[in-house]
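Listed below are the residues making up each chain.
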Amino acid sequence: MKYDIIIIGSGFGGLVCANLLSKAGKNVLVLERQAQTGGCIQSYRRKNFSFDTGLHYVGGLAEGQPLYQIFHHLGLMRLPWHRLSADGFDLITIDNQTFAFAEGYDNFVRQLSASFPSEREALAQYAKLLKEASEMPLGSDGVYRLMETNAYDYLTETFHDSLLINVLSGSALKMELRKPSLPLFTFAHGNSSFIQSSWRLRGEGNLIVQSLSESIQANGGTILRGKEAQELMENDGKITTVKCQDGEVYEANSFISDIHPAQTFSLVKDSKILKRLYRQRIAMLENTYGMFTVSLVLKPQVLRYFNHNKYVYRKANVWSFFEEDQHVGGLMVSCRVPLEGDYARQLDLLTPMPWSLCAEWEHTQVGHRGDEYKAMKQQLADRCIDLAETVIPGLRSMIAEQYTSTPLTYRDYTLTPNGSAYGIRKDCRNLLITMLSPKTPIPNLLLTGQNLMLHGLEGVSMTALQTCSELLGKDYIQTIIKT
């Protein structure tokens, strides 16, 4: 059987593309190497609890906001979304001082201006930039202008108070903060939608995976699990078939890869189109850091649910703590919405983790890394809990169970190089190399996912729309966005 489109990888980007294309009447096949679909938004179970890998909260889901229409088209607005507190969806604690991010651009400015009155005008200017960034279509001149602007330089030129700069950056564990290279568009877009409105799922991230998968199949699409792509075979300058590890071969008119571009092009073993220098350039691109996660199960009735995220830092060094402080200088605390009652049962603690801390075990696999690896993880977990206790006193005594994961864990389950949390590192100094298009030198091979322009659920959704526009046309995609 010949398909219209084969999609390699069932991360969020692959599932969104499959949903959009199958809904448009295309005959779609999704190939997933793992037994479970979803990539970094899948959930896993330990005893009676499910834990999310990459999904913690989403921005801009209210009607009329950027992600609403896309999620409505995908059928995801039917899920049980829970809105975070309007007067403080993110609480930023730096050196024992706490500041709240309020919902709505005007409220955001008003609330922070109370603590930083001399910066009111600059905050209004910043909020205007965030709003403009959220409305810019990918590929527009405005996007490229902001991509070429250094985010840290913008902040230091706009604001005079160094503490405020740290506060405004305090919720940006949703991206990799790097002073020399982070583009302003990445920073602004990654923060903007959450100020419009912030949401958690009342339930596990697999609800998204299941919903998208069911829609794809209802539209006539096919999802095959345990199918690891081994080779993309080229003929007359186009990909014609994909061969899997089990020897099965699948044929299609077009192909979309939701896996890392370097891995994608390594599958094209014999090509007249892909030049050696191009392959080398993609393979040499740097990836963002990974995350260390401590997933906690709490004892019953010991901690009331809090309807916000907590970001906590030992010092006012938000942009550099992960390089300077090996003792966990900053982290995010995310509270799972309880399915019943007012008490939390699950917390996630997340902090950046450089690959150098994992490198000793890079040739090992999950479950076979040894006692020294376990000891390293326990030491990091203890440091995370210690820091979290500065905003949740007595947390350690509340813990019933704990589970940890490192960038190695993500690498083994998702094949992401170095367990990167946000894909290829974008560099405002070198956009032509670090910001990839969905198009590749092979005309019927497209890319999608967080490695292109944007990461996060909103960013990957927008990237998927851009990828699908190459097959469905830009006019068709515009009807999805504007309807």
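Heads up: these notes are all about the structure in this document. A quick note: this is a predicted structure, and the numbers were derived from the prediction, not measured. Along each chain, the written sequence defines residue order, and numbers are assigned to residues from 1. Local features in this predicted model are restricted to residues whose pLDDT is 70 or higher, and side-chain atom pairs enter the listing and the counts only when it is 80 or higher, whereas totals over whole chains, interfaces and linings include all residues. Hydrogens and water are ignored here; the side-chain numbers use all heavy atoms of the structure.

**Let's talk about the overall build of the protein chain**
For the protein chain, the helix and strand inventory stands at 18 helices and 19 strands. Just to be clear, the radius of gyration here is over C-alpha atoms, and the globule rule we use is 2.2 Å times residues to the power 0.38. For the protein chain, whose C-alpha radius of gyration is 22 Å, the value lies close to the compact-globule estimate of 23 Å for 483 residues. C-alpha atoms of the protein chain, sized along the principal axes, occupy 65 × 50 × 45 Å. Counting all 483 residues of the protein chain, 61% fall into the buried class. Per element, the accessible surface of the protein chain, about 19800 Å² overall, is 48% carbon and sulfur. Helix and strand definitions here come from DSSP, where helices need a minimum of 4 consecutive H or I residues and strands a minimum of 2 consecutive E residues; each element is numbered from the N-terminal end. For every residue, the accessible area obtained with a 1.4 Å probe (protein chains only) is divided by the maximum for its type, and the residue is called buried under 20%, exposed over 50%, and partly exposed between those limits. Here the open area of atoms and residues is found with the Shrake-Rupley method and a 1.4 Å probe, where only the protein chains shown may cover a residue.

**Side note on unusual backbone geometry**
Its identity is not glycine, yet Asp95 carries a phi of approximately 50°, on the positive side. Topologically, Asp95 is positioned in the loop between β7 (90–94) and β8 (97–101). Although it is not a glycine, Asn418 sits at a positive phi angle of roughly 60°. Position of Asn418 among the secondary structure elements: in the loop between α15 (407–414) and α16 (431–434). With relative accessibility at 35%, the residue Asn418 sits in the partly exposed group.

**Digging into the packing of aromatic side chains**
Here the aromatic set is Phe, Tyr and Trp, taking the six-membered ring for Trp, and pairing holds for ring centres within 6.5 Å; pairs whose planes are under 30 degrees apart are stacked, those over 60 apart are edge-to-face, and all others are tilted. What the rule picks out here adds up to 18 aromatic pairs. Ring geometry for Phe71 and Trp81: centres 6.0 Å apart, planes at 40°, overall tilted. Remark: Trp81 occurs in strand β6 (residues 81–83) and Phe71 occurs in helix α2 (residues 66–74); sequence separation between them is 10 residues. Using a relative accessible area of 0% as the deciding quantity, one classes Phe71 as buried. By relative accessible area, Trp81 is classed as buried at 14%. Linked through ring pairs, Phe89, Phe101, Phe108, Tyr126 and Phe159 together constitute an aromatic cluster. If you follow Lys174 out to its NZ or CZ, it ends over the ring of Phe194, 4.7 Å from the centre. Here, a charge over a ring is recorded when the distance from Lys NZ or Arg CZ to the ring centre is within 6 Å and its angle to the ring normal is within 35 degrees. Note that Arg369 overlies the ring of Tyr373, its terminal NZ or CZ placed 5.4 Å from the centroid.

**A look at the sheet that holds strand β9 (residues 198–201)**
Any two strands with at least two DSSP bridges between them are considered paired. Judged by pairing direction, the sheet is antiparallel, and its 3 strands sit side by side in the order β5-β9-β6 without closing on themselves. Of all strands in the sheet, those with a lone pairing partner are β5 (58–59) and β6, marking the two edges. Here β6 runs beside β9; their pairing, made up of 3 bridges, is antiparallel. Residue Arg83 lies in a different strand from β9, and its bridge partner there is Trp199.

**As for the pairing of strand β14 (residues 290–298)**
Burial runs high along β14: 9 of the 9 residues are buried. The side-chain alternation of β14 yields two buried faces, one formed by Gly290, Phe292, Val294, Leu296 and Leu298 and the other by Met291, Thr293, Ser295 and Val297. By the bridge criterion, 8 bridges tie β14 to strand β17 (residues 346–353) in an arrangement that is antiparallel. Bridge assignment links Phe292 to a residue of β17, and that residue is Thr351. Note: β14 against strand β18 (residues 399–405), 6 bridges, orientation antiparallel. By the bridge assignment for β18, Ser295 is matched with Tyr403.

**Observations regarding the sheet that holds β17**
By definition, the strands of a sheet pair up through backbone hydrogen bonds, in either a parallel or an antiparallel sense. Pairing in this open sheet of 7 strands is mixed, and the strands run β8-β7-β15-β16-β17-β14-β18 from one edge to the other. Two strands bound the open sheet, and with one partner strand each, they are β8 and β18. Neighbour to neighbour, the strand axes of the sheet diverge by 20° on average, direction disregarded. In the sheet, strand β16 (residues 330–335) pairs with β17 via 4 bridges, with the strands oriented antiparallel. Between the N-to-C directions of two axes lies an angle of 0 to 180 degrees, each axis being a line fitted to C-alpha atoms and, for a helix, fitted only over the stretch in contact.

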